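# A look at the structure
What follows is the residue order along each chain.
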Amino acid sequence: MSVLVCGGAGYIGSHTVSELLDRGEDVVVADNLQKGHKKAVLGGKLMIGDLRDSDFLDKVFSENTIDSVIQFAADSLVGESVEDPLKYYNNNVVSTLSLLSKMKQYGVDKIVFSSTAATYGEPQNIPIMETDPTIPTNPYGQTKLAVEKALKWCYEAYDIKYTALRYFNAAGAHISGKIGEDHNPETHLIPIILQAALGQRDSITIFGDDYNTEDGTCVRDYIHVTDLADAHILALDKMRADGKSNIYNLGNGNGFSVKEVVDITRKVTGVDIKAELGERRPGDPAILVASSEKAKKELNWKPKYNDLGTIIETAWKWHKENPNGFSE
Ligand SMILES: NC(=O)c1ccc[n+]([C@@H]2O[C@H](COP(=O)([O-])OP(=O)(O)OC[C@H]3O[C@@H](n4cnc5c(N)ncnc54)[C@H](O)[C@@H]3O)[C@@H](O)[C@H]2O)c1
Ligand SMILES: O=c1ccn([C@@H]2O[C@H](COP(=O)(O)OP(=O)(O)O[C@H]3O[C@H](CO)[C@@H](O)[C@H](O)[C@H]3O)[C@@H](O)[C@H]2O)c(=O)[nH]1
């Protein structure tokens, strides 16, 4: 029996594939490589295709014996989603509905879904709890919330068990340095600062310093990618054991402002990275910090990388050793 990892050639997906392989699971990866990389998939079987392609999914489900699915495949840039919402509804909602139809058809009844802190929108409480209101401020978060609702109804109607994991900001790279974050174009804060440290950019731009936060810049909760990967496996284990559906936040509970992230990265790299002030980026909430108590209690999730300096060190190792990312 295999775990099907959709989007497994991407950043978080490839780190999860690595952890699944380490614990002896059979893995099938389905990815259209629009953002992913062949070299990021460290083992298992890679099948290249799009989740919206029904024939492709028939091939995936008929050629393999799938026990459960982990669904990472999506477009996931807040700013781009504001500019092009249809792209986000099309990929994020249509792809996952297409996948769910095939799961129903082939009798596969467990899915772990990559959701996001962006489902909450401008939070009413910090840290954010799973029971807090979900009012997304951008189409990206709205599409993820739409899928969460679809999962709930599919659970009730077809008994497809789901775990929606609402990640906060994924960061860092595999401790070994063998895989890491390689997005093109890169838009995420930490890799952008590291590109500046490598001299690949002259400077970075801070998107707004007039937010209602201590130093005026946005505050985020950065969680190590391997800690995220581990939570997916614990979620699978739990669904296999109790057959229940659930939603969990995954963050490390500490908020860091953009300016603080820049300062810590300067210390880690020893480079005096130049930071300029720019306009706010549309769709950005001021503060997103998680309460992950539910995941710790119910999944027995124990994040290992609690210090942001350590998280950035793992990313720095990857970027220094792979300044041009993956070769394919
Ligand atoms: N990176 C973060 O901080 C973060 C935070 C919260 C949630 N998420 C969610 O986690 C998931 C993974 O994020 P990531 O940063 O690893 O992204 P990523 O872009 O690196 O990975 C996504 C992968 O899915 C593939 N893909 C996209 N659409 C596809 C389709 N229609 N068919 C087949 N493959 C397709 C891409 O080629 C890529 O390999 C996404 O769903 C994202 O929304 C990410
Ligand atoms: O050049 C840059 C890039 C980012 N930022 C800021 O840095 C913070 C982090 O931005 P980024 O790394 O782009 O992540 P987010 O926009 O917070 O989104 C990430 O985290 C979300 C959950 O919190 C996920 O849902 C998204 O998929 C994922 O991209 C934000 O306040 C940005 O405005 C800058 O100031 N300058």
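Everything quoted here is computed from the prediction, not taken from an experiment.

We now examine the overall build of the protein chain. When you go through the protein chain residue by residue, the secondary structure sums to 10 helices and 13 strands. In summary, the protein chain has a C-alpha radius of gyration of 19 Å against a globular reference of 20 Å for 328 residues, a match within 12%. Its C-alpha atoms give the protein chain principal-axis dimensions of about 55 × 40 × 40 Å. Expressed as a percentage of its 328 residues, the buried residues of the protein chain come to 57%. The contacts in the protein chain between residues at least 6 apart in sequence include a share of 78% that link residues at least 24 apart. Surface exposure of the protein chain reaches about 13,600 Å², of which carbon and sulfur atoms provide 48%.

Helix packing for two helices is described by the angle between their axes and how far apart those axes are. It is the contact of helix α6 (residues 189–197) with helix α8 (residues 258–269), at a shortest axis distance of 10 Å, that shows an interaxial angle of 40°. In terms of their interaxial angle, α6 and α8 are classed as oblique. As α6 runs across α8, the sense of the crossing is right-handed. Contact residues: α6 offers L189, I190, I193, L194 and A197, while α8 offers V258, V261, V262, T265 and T269.

Inspection of the secondary structure assignment puts D227 in helix α7 (residues 225–242). Buried and unpaired, D227 has K304 as its nearest opposite-charge partner, separated by 4.6 Å. Polar side-chain contacts of D227 include one of 2.7 Å to the backbone nitrogen of K304. What D227 contacts, discounting residues up to four positions off in sequence, is W301, K302, P303, K304 and Y305.

All right, on to the site of ligand 2 then. Around ligand 2, the surrounding shell holds 22 residues, and the nearest of these are T116, H188, T205, R281 and D284. At a separation of 3.1 Å, an oxygen atom of ligand 2 approaches a polar backbone atom of S76. Protein chains shield 93% of the accessible area of ligand 2, which is 690 Å² for the free molecule. Only α6 and β8 (204–207) provide two or more residues apiece to the shell around ligand 2. The element best represented in the shell around ligand 2 is β8, accounting for 3 residues. Taken together, the residues that form the shell around ligand 2 break down as 13 nonpolar, 6 polar and 3 charged. The residues that make up the shell around ligand 2 include at least three from each of domain 1 (1–169 + 221–248) and domain 2 (187–219 + 251–319).

So, on to the domain arrangement of the protein chain. By the assigned domains, the protein chain splits into domain 1 (1–169 + 221–248) and domain 2 (187–219 + 251–319). Here domain 1 and domain 2 have C-alpha centroids that lie 23 Å from each other. The interface is formed by 30 residues belonging to domain 1 together with 33 residues belonging to domain 2. Summing the contributions of domain 1 and of domain 2, the shared interface buries around 2,800 Å²; its carbon and sulfur component is 61%. It is D221, Y222 and H224 in domain 1 that bury the most area against domain 2; as a group they hold 27% of the surface buried on that side. Our enumeration of links across domain 1 and domain 2 arrives at 1 salt bridge. Its salt-bridge partner being D230, residue K304 comes within 2.8 Å of it at the nearest N-O pair. The tally of links between domain 1 and domain 2 comes to 17 residue pairs in polar contact (both at pLDDT 80 or more). Among the secondary structure elements, those contributing two or more residues to the side of domain 1 that touches domain 2 are α3 (78–83), β10 (222–224), α7 and β11 (246–250).

Here we take up the site of ligand 1. Taken together, 31 residues lie near ligand 1, and D31, F72, Y140, K144 and H183 sit nearest. Measuring from an oxygen atom of ligand 1, one finds a side-chain N or O atom of Y140 at 2.6 Å. Within the backbone of A170, a nitrogen or oxygen atom sits 3.0 Å from an oxygen atom of ligand 1. For ligand 1, the protein covers 96% of the area, taking 830 Å² as the surface of the free molecule.

One way to put it is that α8 packs onto helix α10 (residues 308–321) with a least axis distance of 10 Å and a crossing angle of 60°. One way to sum up the angle between α8 and α10 is to call them oblique. The handedness of the crossing between α8 and α10 comes out as right-handed. Listed contacts from α10 to V261, I264, T265, V268 and T269 of α8 are L308, G309, I312, E313 and W316. Counted by class, the contact of α8 with α10 contains 6 nonpolar, 3 polar and 1 charged residues.

Time to look at the sheet that holds β11. Pairing within the open sheet is parallel, and its 7 strands lie in the order β3-β2-β1-β4-β5-β6-β11. Two strands in the sheet have a free side with no partner beyond their single neighbour: β3 (45–48) and β11. Recorded for the sheet is a direction-independent mean angle of 20° between the axes of neighbouring strands. In the sheet, strand β5 (residues 110–116) pairs with strand β6 (residues 161–167) via 7 bridges, with the strands oriented parallel. Bridge pairing in β6 links V112 to T163. Sitting on the sheet, helix α2 (residues 54–63) touches β1 (2–6), β2 (26–31), β3 and β4 (66–71), and the angle it makes with β3 is about 160°.

Thresholds applied
Residues numbered from 1 in each chain as written. Chains lettered and ligands numbered in written order. Predicted model: local features only at pLDDT ≥ 70, side-chain atom pairs only at ≥ 80, totals over all residues. Heavy atoms only, no water. Helix = DSSP H or I, 4+ residues; strand = E, 2+ residues; numbered from the N terminus. Rg over C-alpha atoms; globule rule 2.2 N^0.38 Å. Buried < 20%, exposed > 50% of the residue type's maximum accessible area, 1.4 Å probe, protein only. Contact = heavy atoms within 4.5 Å. Areas by Shrake-Rupley, 256 points an atom, 1.4 Å probe, with all protein chains shown as cover. Axes fitted to C-alpha atoms, helices over the stretch in contact; angles between N-to-C directions. Parallel < 35°, antiparallel > 145°, perpendicular 65-115°, else oblique. Left-handed = near helix turned anticlockwise from the far one by under 90°. Lys, Arg positive; Asp, Glu negative; His and termini not counted. Salt bridge = Lys/Arg side-chain N within 4 Å of Asp/Glu carboxyl O. Polar contact = N/O pair within 3.5 Å; in protein donor to acceptor, adjacent residues only side chain to side chain. Near = heavy atom within 4 Å. Nonpolar A, V, L, I, M, F, W, Y, C, P; charged D, E, K, R; others polar. Domains from an automatic or database assignment. Buried area = accessible area lost by both parts, 1.4 Å probe. Pairing = 2+ DSSP bridges.

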